Amino acid sequence: MSVACGLECVFCVGFSRWAWKRCTHVGSDDSATWTSATPEEFEPIPRISRVILAVYEPDLRNPKISPSLGTFDLNPEWVIKRVTHEKTQGRSPPYIIYIDHDHREIVLAIRGLNLAKESDYKILLDNKLGQKMLGGGYVHRGLLKSAAWVLNQESETLWRVWEENGREYDLVFAGHSLGSGVAALMAVLVVNTPAMIGDIPRNKVRCFALAPARCMSLNLAVKYADVISSVILQDDFLPRTATPLEDIFKSVFCLPCLLFLVCLRDTFIPEGRKLRDPRRLYAPGRIYHIVERKFCRCGRFPPEVRTAIPVDGRFEHIVLSSNATSDHAILWIEREAEKALQILREKSSETVVTMAPKEKRMERLSTLEKEHKDALERAVSLNIPHAVSTAEEEEECNNGEASAELKTKKKNWDEVVDKLFHRSNSGEFVFNDNVVPER
């Protein structure tokens, strides 16, 4: 009897401790040790957020959505292409191609999930754990198919526009939610096969994934951190949910129940076991975490932006918060990102400037490069499957540059498409399951 009472007490104490830790875990805890972002590196994010918002607007001259600035700071004449659900035939979310001459960028922006479109669910449901590999890691099959389809449609347009602007503009892929996964995998495809866009160099390709879906394995998420930037607002549930996306949206009408069960399950999975699973998908690239709420405090505080390339502890725990779904909204992300940028600029202007702006930017760039190298080495030290060291990464980049001319002659986007797809009897592209594009 006494033994049973003792076990019961131990169980109650253990459960109480677990419940306290889970209920008091807030979104800001995930980035508590990260460094603050600088206004220079964070500046593109609110602007790119408004380009994504423009995908939702059929007419930018008469917008129905009001961003944080009160109006869109986009030139409608610079939208060179708009593709709707009807034109994509359900193969990808709608997107636009926008040439930002002020910032010398060519932006392909993709909208997020449309709950009213069955085709968007089909993209999410088209995946099983460990079903598709790309470039030495696992990726979400449905999102990869969508990314490859968009590039097959738009690679010539992007190449032509890049050439017309002197091959000097940056190529930016951007997306929200579902679109973020498509955009991230498009960036990976272009970086691995630059000949599809006129042999564009890696440092000219950028990707901004807002409220990102978990779309690639940990080794790829760290490897492409110099290209892909993910933006997460406080308690957003999607980047933290390792549960396959298809299970999340099957349970959309009981999402709080699912999140609680996921939270309970993941608590008892050792961190090392998660890291050693090569099929487990993560939010891609460098992460910018916008924090605006504090524990046991009401209301929103002035947002701060923290950034890092985390390897272990990469948003692994669901936050039990009433804002877990509202923080996923693109409109809230844009507004809070703009507020955060203004605060960063104010703080920067208040600090004593000891070096020229150009020198300051160069110093930050070297810091970002060092953080990326440290993250690569950290992944290797933790025995992350398929992780590459800094030396191996540099060797791959050098080999890619040395053979750029050969790749341009022997490899084009049609060949990449042939590796990803085959034509059916009706003439349509059908995805190949067992073929991995070359690095």
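In the nomenclature of an unreviewed UniProt entry, the chain corresponds to Alpha/Beta hydrolase fold from the organism Arabidopsis suecica.

Take the overall build of the chain next. Each helix and strand in the chain was counted, giving 16 helices and 15 strands. Looking at the chain as a whole, 52% of its 439 residues qualify as buried. Within the chain, contacts between residues separated by at least 24 positions form 72% of all contacts whose residues are at least 6 apart in sequence. Counting every atom, the chain has about 20400 Å² of accessible surface; 55% of that belongs to carbon and sulfur.

Enumeration according to the criterion identifies 24 salt bridges in this entry. Here Arg240 and Asp30 are joined by a salt bridge, their closest N and O atoms 2.9 Å apart. Of the two residues, Arg240 sits in the loop between β10 (228–233) and α9 (245–250) while Asp30 sits in the loop between α1 (2–23) and β1 (35–36), which places them 210 residues apart along the sequence. By relative accessible area, which is 0% here, Arg240 ends up buried. Residue Asp30 is classed as buried on the basis of its relative accessible area of 12%. Several salt bridges share partner residues, and in doing so they unite Glu43, Arg47, Asp100 and Glu105 into one network.

Attention shifts here to the nonpolar core. Counting residues in hydrophobic clusters, the biggest one holds 58 residues, and the most contacted among them are Leu108, Phe173, Met186 and Met216. At 11 residues, the largest contribution of residues to this core is made by helix α7 (residues 178–192). Apart from the residues lying within four places of it in its own chain, the contact partners of Phe173 are Leu108, Leu151, Leu158, Ala183, Met186, Ala187, Val190, Val205, Arg206, Cys207 and Phe208. Core analysis: the next-biggest nonpolar cluster, separate from the first, contains 33 residues, Ala37, Val51, Ile333 and Ala337 among them.

Counting through the fold element by element, Thr157 comes out in helix α6 (residues 141–164). On the basis of relative accessible area, Thr157 is assigned to the buried category, the value being 16%. Beyond its immediate stretch of four places on either side in the chain, Thr157 contacts Ile80 and Ile97.

Looking now at unusual backbone geometry. Look at Ser177: it is not a glycine, yet its phi comes out positive at around 60°. The residue Ser177 is located in the loop between β7 (170–176) and α7 in this model. Of note in the backbone geometry, His386 takes a positive phi value of approximately 65° without being a glycine. On the secondary structure map, His386 appears in the loop between α13 (357–381) and α14 (390–402).

Under the 1.5 Å per step criterion, the end-to-end length of α6 is 34 Å for 24 residues, consistent within 8% with the ideal 34 Å. If you look at α6, its biggest bend is around 55°, right at Glu154. The buried fraction of α6 is high, at 17 of 24 residues. Looking one or two residues beyond α6, the residue adopting positive phi is Gly166, at roughly 75°.

Next up on the list: the sheet that holds β1. Overall, mixed pairing links the 9 strands, which are arranged β1-β13-β12-β10-β8-β7-β4-β3-β2 in an open sheet. Single-partner strands in this sheet number two, and they are β1 and β2 (79–83). Sheet strands in contact with helix α3 (residues 44–55) are β2, β3 (95–100), β4 (105–110), β7, β8 (205–210), β10 and β12 (286–291), and its direction is about 55° off that of β4. Against the sheet, α7 makes contact with β4, β7, β8 and β10, and its axis sits at roughly 150° relative to β7, the strand it touches most.

Rules used in this analysis
Residues numbered from 1 in each chain as written. Predicted model: local features only at pLDDT ≥ 70, side-chain atom pairs only at ≥ 80, totals over all residues. Heavy atoms only, no water. Helix = DSSP H or I, 4+ residues; strand = E, 2+ residues; numbered from the N terminus. Buried < 20%, exposed > 50% of the residue type's maximum accessible area, 1.4 Å probe, protein only. Contact = heavy atoms within 4.5 Å. Areas by Shrake-Rupley, 256 points an atom, 1.4 Å probe, with all protein chains shown as cover. Salt bridge = Lys/Arg side-chain N within 4 Å of Asp/Glu carboxyl O. Core = buried A, V, L, I, M, F, W, Y, C linked by side-chain atoms within 4.5 Å. Expected span 1.5 Å × (residues − 1). Bend = angle between axes of the 7 residues up to and from the residue. Pairing = 2+ DSSP bridges. Axes fitted to C-alpha atoms, helices over the stretch in contact; angles between N-to-C directions.

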